[in-house]
Amino acid sequence: MTTVAILPIFDADGEKTYRAIAGDKHSVGKTAGQALDALTTQLGETEFSALLVIQNFSPDPFFSAKQQERLSELMSLWRLG
């Protein structure tokens, strides 16, 4: 089974898009579904079955908005590297 990660990304204007990543392949879409659809065509799988885990990234008592913002900055730097 192929593992796929779908991440929200923001451009310089604050516009949100989604990046789907599986190994060395990736795609971008306006929605998570579009990004996943584009990625599955690259994977060349004729049958696609999935188990989706959807995580709410809203601030909570354990991970504040400021901490989430910092994590987002660090992840952006990591993706550039």
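To be clear, the structure that these remarks concern was listed above.
Rules of the game
- Residues numbered from 1 in each chain as written.
- Predicted model: local features only at pLDDT ≥ 70, side-chain atom pairs only at ≥ 80, totals over all residues.
- Heavy atoms only, no water.
- Pairing = 2+ DSSP bridges.
- Helix = DSSP H or I, 4+ residues; strand = E, 2+ residues; numbered from the N terminus.
- Axes fitted to C-alpha atoms, helices over the stretch in contact; angles between N-to-C directions.
- Contact = heavy atoms within 4.5 Å.
- Buried < 20%, exposed > 50% of the residue type's maximum accessible area, 1.4 Å probe, protein only.
- Polar contact = N/O pair within 3.5 Å; in protein donor to acceptor, adjacent residues only side chain to side chain.

Peer 1: So what about the sheet that holds strand S2 (residues 16–22)? Which residues, and what values?
Peer 2: In spatial order, the strands read S1-S2-S3; together these three strands make up an open sheet with antiparallel pairing. Of all the strands in the sheet, the pair left with one neighbour each is strand S1 (5–10) and strand S3 (25–29). Pairs of neighbouring strands in the sheet enclose a mean axial angle of 25°, with direction left out of account. Note: S2 against S3, five bridges, orientation antiparallel. Bridge pairing in S3 places Tyr 18 opposite Gly 29. Sitting on the sheet, helix H1 (residues 32–43) touches S1, S2 and S3, and the angle it makes with S3 is about 145°.

Peer 1: Run through the side chain of Ser 27, naming residues and quoting values.
Peer 2: Residue placement: Ser 27 occurs in strand S3. Since its relative accessible area comes to 6%, Ser 27 is described here as buried. Among the polar contacts listed, one links the side chain of Ser 27 to the backbone nitrogen of Leu 39, at a separation of 3.3 Å. Apart from the residues within four sequence positions on either side, Ser 27 is in contact with Tyr 18, Arg 19, Ala 20, Ala 35, Ala 38, Leu 39 and Gln 42.

These figures capture arrangement, not role.
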